[in-house]
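One-letter residues, chain by chain:
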Amino acid sequence: MLHSLFSWIISFLNHRPNIMKNNVKELIKKALIQWNEQDQLSLTIPDDVHLERTKDASHGDFASNVAMALAKPLKQKPRSIAEAIVKHLPASDLVDKVEIAGPGFINIYLKSDTQHAVVKTVLAEGDQFGHGNQGNGQRVMLEFVSANPTGPLHVGHGRSAAYGAALAQVMSAAGYDVHTEYYVNDAGRQMAILAASIWLRYLAHCGEVFTFPSNGYKGDYVVGMAEALFADVGEDYRMPAAQLFQDLPQDFDEESKTGDKEAHIDAIIAGGKDFLGDRFQAILQRGVKAVLDDIKDDFEGFGVHIDEWFSEESLLHSEALHQTIDRLEKNGYLYEKDGARWFRATDFDDEKDRVVVRSNGTHTYFASDLAYHASKYERGFDQIIDIFGADHHGYVARMEAGVAAMGFDVARLNILLVQFAILFRGKERVQMSTRSGSFVTLRQLREEVGNDAARFFYVMRKCEQHLDFDLELAKSKTNENPVYYIQYAHARVCSVMRQLGEKGLKHDMALGNEGLSSLVEPEEVALLRALSRYPEVIEAAALNHEPHIIANYLRDFANDFHVYYNAHRFLDVPEALRHARINLIIAVRQVLKNGLQLLGVSAPEKM
RNA sequence: GUCUCGGUAGCUCAGCUGGAUAGAGCAAUCCCCUCCUAAGGGAUAGGUCGCAGGUUCGAAUCCUGCCCGGGACGCCA
């Protein structure tokens, strides 16, 4: 509560109407209002006037199509509407001139002073430049990855992690109060299977001989945990394999296609619990802790921050689960069939009804997921964003159904799906198999290509789109690699600043600001435009949940800088011009750094 | 079968929620370091925006139907 109030105050103080696009929009809106009043048009003024950056400089800086859009409701010619709007435009020191062009576009040219002023703004605001207040302090719950703690994160999780972390940063920059969370499935059957897997590897380590179950966790990390267990307890947990495997249901057999892997592993778990008693739970807990510690360490190395690790088990202890089921019951959406309790999801456009309590009395994962979502609502978030792997796409409808059935506002819930990343080594697709445990872990990927490249590549594309992740490209130190391309632009500015010092020159920022009007080269104008666009880019990325927009922007922006660098010199020019140009490139460096920071990529001073 | 994401230059992708002449990077051809990092830049060439209808002043973008690919659909977790 206090925190929320605090962040609201901060965001209020931080609020500056520094988005050029919005300033111009306001002018048009005022013109519409004034015209509307004067001519009694009884026009409904749209909240958001459509305005866009022009592609072509001969169309000015901004263009609006309002005149064309209003042609129909007003039954007037677009061009005459445009003329009326232009006539009513309030005086502004931003605008140089306004033209009507083509079928009725209103083209707006900014004053060069206005364009130059962005440099001062960037220098004054520093790492806050680009931040806005679109979120107005709204509290946002952002849950992502939430992989079962049964093994190390793999490259698929990496994309969710990078995306979630970037989105959290971007939304924070846009004035949202973002809370990141990882839901830890530490209560289910999978955890028992992990415990059993560790125990079996431990037995093997003790010298017992048996066939490892097909449904157990086969990764090397399990063996490591078994060895650690042995080191701690010696042979205290040892049980003769012959005794354990006696009279068990057959495991599934590839050759004969007979047997039941689920029944087989369940029997092993039951046998383990019988023999070990409390010690089984102890194995389980050390297993969860070891895996979770590994995941936390992985995230930390990857620059991904999680505010809260939310334990599924805590829901069970708190009775939240029962409350959830009661809640559905009370609202009349539960019924009994085949000994199980079903949720009538079909009442809410889901394909079929879903089980919440199995016939054996245990709750399904869906049930605890609902309890978890109830908790999210009860904690009072304005927006709840779930980032799921695309393989969970089937859960969207039932989750929304469940939330609605519990009586919560579904409109506040936003489920985003992240597609898998397909790894390539050049042209070669990297084969992965979860079954055999031979998947590439996130850690391996980070070690191979580095954190910067990994973070950037993961968020280069829209999240619901397939991503081809080329390891060779991510490692290459050439202009094909967008990460290096952008970082190089940053390093180049730093290098110029070093040269400045080496030549015994002093930079004077105040003089630079005074002389900004001397920045008239086309490459400089292009950079000024790009700088003033940055806050708009953040706004778009935050509102659409699309950090890739920033990645694309930075690429283009770095290009603008490299062009400038090649065409002009900064140090060997008259002093006044030098100060102005240095101010410009410091602003460029600042924006590169700010943008990279949002994506979790470093901005090196030297390469 | 149902749902979902995609199909834009030879390749990988942008395209700002309907705008003006379709945009980058790679690959191809040619060019630019006596100069702050060539990890850079310039030029040329490259297109039936999957196909067919529809909506309108205007469609790569929205709607419908097909075609082709990726993925998802359990009393699994």
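Below is a summary of the structure that appears in this document. (Residues numbered from 1 in each chain as written. Chains lettered and ligands numbered in written order. Predicted model: local features only at pLDDT ≥ 70, side-chain atom pairs only at ≥ 80, totals over all residues. Heavy atoms only, no water.)

Within the structure shown, the criterion is met by 28 salt bridges. The partner of arginine 529 in a salt bridge is aspartate 61, and the shortest N-O contact between them spans 2.8 Å. Residue arginine 529 is found in helix α21 (residues 522-543), and its partner aspartate 61 is found in the loop between β1 (51-53) and β2 (62-64); the two are separated by 468 residues along the sequence. Assessed through its relative accessible area of 18%, arginine 529 is described here as buried. As a salt-bridge pair, arginine 286 and aspartate 232 come within 3.0 Å of each other at their nearest N and O atoms. A residue pair is termed long-range when its members are at least 10 positions apart, and arginine 286 in helix α11 (residues 278-302) and aspartate 232 in helix α8 (residues 220-233) qualify at 54 residues. Accessibility expressed as a relative area gives 30% for arginine 286, which makes it partly exposed. (Salt bridge = Lys/Arg side-chain N within 4 Å of Asp/Glu carboxyl O. Helix = DSSP H or I, 4+ residues; strand = E, 2+ residues; numbered from the N terminus. Buried < 20%, exposed > 50% of the residue type's maximum accessible area, 1.4 Å probe, protein only.)

This brings us to helix α23 (residues 575-599). Spanning 25 residues, α23 covers 36 Å between terminal C-alpha atoms, matching the ideal 36 Å at 1.5 Å per step. Across the 25 residues of α23, 19 count as buried, placing the element largely inside the fold. Positive backbone phi, approximately 80 degrees, marks glycine 600, located one or two places after α23. (Expected span 1.5 Å × (residues − 1).)

Glancing now at unusual backbone geometry. You will see that asparagine 136, though not glycine, has its phi angle at about 50 degrees, which is positive. Inspection of the secondary structure puts asparagine 136 in the loop between α5 (112-125) and β5 (139-144). Exposure remark for asparagine 136: the relative accessible area of 47% places this residue in the partly exposed category. The backbone of aspartate 338 sits at a positive phi, close to 50 degrees, despite the residue not being glycine. Structurally, the position occupied by aspartate 338 is in the loop between β8 (334-337) and β9 (340-343). According to the relative accessible area criterion, aspartate 338 is exposed, its value standing at 64%.

Turning to empty space enclosed by the protein, a few remarks are in order. Taken as a whole, this structure holds one cavity of 30 Å³ or more when the rule is applied. Roughly 50 Å³ of internal volume is contained in the largest cavity. Considering the residues around the largest cavity, the lining is formed by Met20, Arg53, Leu110, Thr114, Gln115, Val118, Leu528, Arg529 and Ser532. The set of elements that each furnish at least two residues to the lining of the largest cavity consists of α5 and α21. Looking at the lining of the largest cavity, you find at least three residues from each of domain 1 (20-110) and domain 5 (480-599). (1 Å grid on protein atoms, 1.4 Å probe; cavity = no way out; pocket = protein on both sides within 12 Å on 5 of 7 lines; lining within 4 Å. Points joined across faces, edges and corners; volume = space filled by probe spheres on them. Domains from an automatic or database assignment.)

This paragraph deals with the sheet that holds strand β15 (residues 467-470). Taken in spatial order, the three strands of this open sheet run β14-β13-β15, and their pairing is mixed. Of all the strands in the sheet, just β14 (428-429) and β15 have a single pairing partner and so form its edges. Strands β13 (421-425) and β15 of the sheet are contacted by helix α17 (residues 451-458), whose axis makes an angle of about 160 degrees with β15. (Pairing = 2+ DSSP bridges. Contact = heavy atoms within 4.5 Å. Axes fitted to C-alpha atoms, helices over the stretch in contact; angles between N-to-C directions.)

Let us now look at the packing of helix α22 (residues 548-567) against α23. At a minimum axis distance of 10 Å, the contact between α22 and α23 shows a crossing angle of 155 degrees. With respect to their mutual orientation, α22 and α23 come out roughly antiparallel. In this structure, the crossing between α22 and α23 has a hand that is left-handed. Contacts from Ile550, Ala551, Tyr553, Leu554, Phe557, Ala558, Phe561 and Tyr564 of α22 reach α23 at Arg581, Leu584, Ile585, Val588, Val591, Leu592, Gly595, Leu596, Leu598 and Leu599. Counted by class, the contact of α22 with α23 contains 16 nonpolar, one polar and one charged residues. (Parallel < 35°, antiparallel > 145°, perpendicular 65-115°, else oblique. Left-handed = near helix turned anticlockwise from the far one by under 90°. Nonpolar A, V, L, I, M, F, W, Y, C, P; charged D, E, K, R; others polar.)

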